[in-house]
Amino acid sequence: MSRIIGIDLGTTNSLVAYVDDTTGLPRIIPDERGRALLPSIVSFTPAGVLVGDDARRQLVRRPHSTVYSVKRLMGRSYEDVKDELRYLPFSVKPAEGIAKIQIEGREVTPPEISAVVLRALKERAEKHFGERLEKAVVTVPAYFNDSQRQATRDAGRIAGLDVVRIVNEPTAASLAYGLHRLYEGRIAVYDLGGGTFDVSILHVKDGVFEVLATNGDTHLGGDDFDRVIMLWLLEDIQARHHADLARTCVNLAEDPEVMQELRLAAEAAKVRLSSVERTTLTLPFADFTYHREITRADIERLIASLVEKTLGPCRQALKDAGLTPSALDAVVLVGGSTRVPLVRRRVEELYGKTPKSQLDPDLVVALGAAVQAQILAGGITDMLLLDVTPLSLGIETLGGIVSVLIPRNTTIPTSAREMFTTSVDGQTIVDLHVVQGERELAKDCRSLARFELSGIDPMPAGMPKIEVTFLIDANGILVVNAREQRSGKAASVEVRPTYGLVEADVERMIEDSFTYAEADVETRLLIETRNEAETVLTHVERAMRQGRELVSPEERAQIDAAVRALSEVRDTDDRERIHDCTIALNRATEHLAELMMDAALRAAVQSKRADEIMESS
Ligand code: AMP
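Numbers given for residues are sequential positions, taken from 1 along each chain in its written order. For a predicted model such as this one, the threshold for reporting local features is a pLDDT of at least 70, and the threshold for listing and counting side-chain atom pairs is 80 or more; totals across whole chains, interfaces and linings nevertheless cover every residue. Based on all heavy atoms of the structure, the side-chain values leave hydrogens and waters out of the count.

Within a regular strand, the side chains alternate between the two sheet faces. In terms of residue burial, strand β23 (residues 430-436) counts as a mostly covered element, since six of its seven residues are buried. Where strand β20 (residues 393-397) and β23 come together, three bridges link them in antiparallel fashion. By the bridge assignment, Leu-393 is partnered in β23 with Gln-436. Note: β23 against strand β24 (residues 446-454), seven bridges, orientation antiparallel. Across the sheet, the residue bridging to Val-430 is Leu-453, located in β24. Remark: exposure states derive from per-residue accessible area (1.4 Å probe, protein chains only) relative to the maximum for the residue type, with buried under 20%, exposed over 50%, and partly exposed in between. Under the DSSP-based scheme used, a helix requires at least four consecutive residues in state H or I and a strand at least two consecutive residues in state E, with every element numbered from the N terminus. At least two DSSP bridges between two strands are needed for those strands to be called paired.

In this section: the packing of helix α9 (residues 296-309) against helix α11 (residues 341-351). As a packed pair, α9 and α11 sit with axes 9 Å apart at the nearest point and diverge in direction by 50 degrees. Judged by the inter-axis angle, α9 sits oblique to α11. In terms of crossing hand, the pair formed by α9 and α11 is right-handed. Between α9 and α11, the residues in contact are Arg-296, Glu-300, Ile-303, Ala-304, Val-307 and Glu-308 and Pro-341, Leu-342, Val-343, Arg-345 and Arg-346, respectively. The convention used is that axes are lines fitted to C-alpha atoms, helices contributing only their stretch in contact, and that angles between N-to-C directions extend from 0 to 180 degrees. Working definition: roughly parallel below 35 degrees, roughly antiparallel above 145 degrees, roughly perpendicular at 65 to 115 degrees, and oblique for all remaining angles. The crossing is said to be left-handed when, going from far helix to near helix, the turn is anticlockwise and less than a right angle, and right-handed when the turn is clockwise. Pairs of residues are marked as contacts when any of their non-hydrogen atoms sit within 4.5 Å.

In this section: the site of the ligand. Here a residue counts as near a molecule or strand whenever at least one of its heavy atoms sits within 4 Å of it. Lining the immediate surroundings of the ligand are 15 residues, of which Gly-194, Glu-267, Lys-270, Ser-274 and Gly-336 lie closest. One of the side-chain N or O atoms of Lys-270 is found 2.7 Å from an oxygen atom in the ligand. The separation between a nitrogen atom of the ligand and a polar side-chain atom of Ser-274 is 2.6 Å. Throughout, the protein atoms alone are placed on a 1 Å grid, and a set of points is a cavity if a 1.4 Å probe fits but cannot get out or a pocket if it is open with protein on both sides within 12 Å along at least five of seven lines; lining residues have an atom within 4 Å of a point. More than half of a molecule's atoms lying within 2 Å of a cavity's or pocket's grid points is what places that molecule inside it. Of all the cavities here, the one that holds the ligand is the second largest pocket. Sorting the residues of the shell around the ligand by element identifies α6 (222-240) and α8 (256-272) as the ones contributing at least two each. Here a polar contact means two N or O atoms within 3.5 Å. Within protein one must be a hydrogen donor candidate and the other an acceptor candidate, and residues neighboring in sequence count only if both atoms are side-chain atoms.

Next up on the list: the packing of aromatic side chains. Planes of paired rings set the category: under 30 degrees apart is stacked, over 60 is edge-to-face and the rest tilted, where pairs are Phe, Tyr or Trp rings (Trp by its six-membered ring) whose centres lie within 6.5 Å. Counted according to the given criterion, the structure contains six aromatic pairs. With centroids separated by 4.9 Å and ring planes inclined at 55 degrees, the aromatic side chains of Tyr-190 and Phe-197 adopt a geometry described as tilted. The pair Tyr-190 / Phe-197 is uniform in exposure class, with both members buried. Geometrically, a lysine NZ or arginine CZ counts as sitting over a ring once it is within 6 Å of the ring centre and also within 35 degrees of the ring normal. One cation-aromatic arrangement involves Arg-3 over Phe-129; the distance from NZ or CZ to the ring centre is 4.0 Å. Residue placement shows Arg-263 over the ring face of Tyr-68; its charged tip is 3.8 Å from the ring centre.

Another aspect to go through is the environment of Asp-217. Counting through the fold element by element, Asp-217 comes out in strand β15 (residues 208-217). With 96 residues separating them along the chain, Asp-217 and Pro-313 place their C-alpha atoms 7.8 Å apart. Excluding its chain neighbours within four sequence positions, the residues that come into contact with Asp-217 are Tyr-143, Thr-196, Phe-197 and Lys-309. For Asp-217, the side chain forms a polar contact with the main-chain nitrogen of His-219, separated by 2.8 Å.

The salt bridge definition used is simple: a Lys or Arg side-chain nitrogen within 4 Å of an Asp or Glu carboxyl oxygen. All told, the structure shown has 42 salt bridges when counted by the stated rule. As a salt-bridge pair, Arg-345 and Glu-300 come within 3.0 Å of each other at their nearest N and O atoms. In this pair, Arg-345 is assigned in helix α11 and Glu-300 in helix α9, connecting sequence segments 45 residues apart. Two residues, Arg-530 and Asp-573, come together in a salt bridge whose shortest N-O distance is 2.8 Å. Linking Arg-530 in helix α14 (residues 521-547) with Asp-573 in the loop between α15 (553-569) and α16 (575-588), this pair joins segments that are 43 residues apart in sequence. The class of Asp-573 is exposed, set by a relative accessible area of 61%. Three or more residues are tied together by salt bridges with common partners; here these are Arg-72, Glu-84, Asp-223, Asp-224 and Arg-227.

Put into structure tokens, the structure is as follows:
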């Protein structure tokens, strides 16, 4: 039995898991430092391509060449994503219909970025098992359309992985819960991650997992929460430090490093406020320090409409499944963003049930992917998964109207047939346009592909009878076949995906795929030590600009000397020297840091007093 791994390729984090043969239970494979989550971030640096935590450390230093949240761009056209691009510090341009990322003069596609993440997970698993692995089950949001699924499968191929099955994330989560026999009956799985939202209604009984309906939004998640918080902070900083900014002519919104720091600070505050009611945020800028308290209520006010946006798909899925909330036996939460208390409250209010999350919402999808992998490998025989296609599949007919062949929420795999003929004598080619979506007009649906049927025997118009079969396979991906019935000849079908890579692209990408700088532990340690040095230097330079006057001339000279020493060694390969100089600089600035903290606290207390005086007057 060849081993198949389960991969959760997330917007924010990715994981790899397998089912332990002895216990029969799914397990996450951690990296050599015991970390389960691999941040889905890829950074292109002079030292090589970094992935995961190493890449995350480059977010602020190399905003233009560090790519995150690429899942939001997978299988999408430039038009689809152009509105949110202004918040991304890296450059995205339209190219042959799809959105491509520009990194230092070269174009990189979203599947290639995802492939770097997948390869890191593949290698992590190979190290764990001490053998080569080639097959994986990869999860995607249930609401991913055909192009997004194809892009995910292409990413696998570029990474050297045969994606033997694409599984919907909420379905995978239910498999993990099902394996633990935690729930039976009718279950709603509410899955809110970093970039996508899905809801699925399942019927689970005696090992059969039948998806009744699914719905969602592939552009809604924790990233959007971060964005509204970040924009709010930006406005607040601009209002409070108007004078400082005017004096220094700084436009924060146009500084990608500042925006990246703001985004990270917004996310960190959001995460803290899931467990505490209030938190303080301190952000040092070149000429001032921004300091303010944020409460959970502030965040809830900001994200309320986004949370509300998840409820429409929940109601629709329930309706499509023909159920009312009271008919549900359980509601399960999946995805990091379901830790937000407001999300939990709104879900509870909607379904009238306290949602459950016994299995860690960060891990559960990967665990479920491992279960599906084990089913496919033949290691589990008493579980069956019946998933559905999330969106209707149709063909554009006269007048641009869509004729639906396979309605949404049809159990997959499934097929539909349609007969076509020619309209001109001797016609040997027929063009077809396939679309996916719920709207009446083709222009309002997603254009999936154009098919050309060629090789039809020349006959009078209307004579050929061409049967075209559309099959949605178990991955939710469209496969097309065509046959001319009079001659019995198979017409050849050429598929031109509207927003995807063609075979030749994928082949080329496999050849020149990026190898990431994981080669040996020593290289990684060196990079990390250099990163640490860079971070400390940036902070000290900033602190010295702000607080130079707080310390004595002797201390200042000592700090300057330590900065010089570290600057001289930071780009060398001498890891120990870089490390020692970093420690020395940290020590030299301890007193300055204390003095600056005192000054910030005093300023905060004074402004609070001023507020109190204002309020009481
Ligand atoms: P996932 O895609 O499931 O890994 O979810 C990632 C998203 O969950 C990111 O937007 C995180 O900021 C968010 N997240 C993780 N932990 C928390 C938390 N404790 N509170 C709020 N959001 C969180």
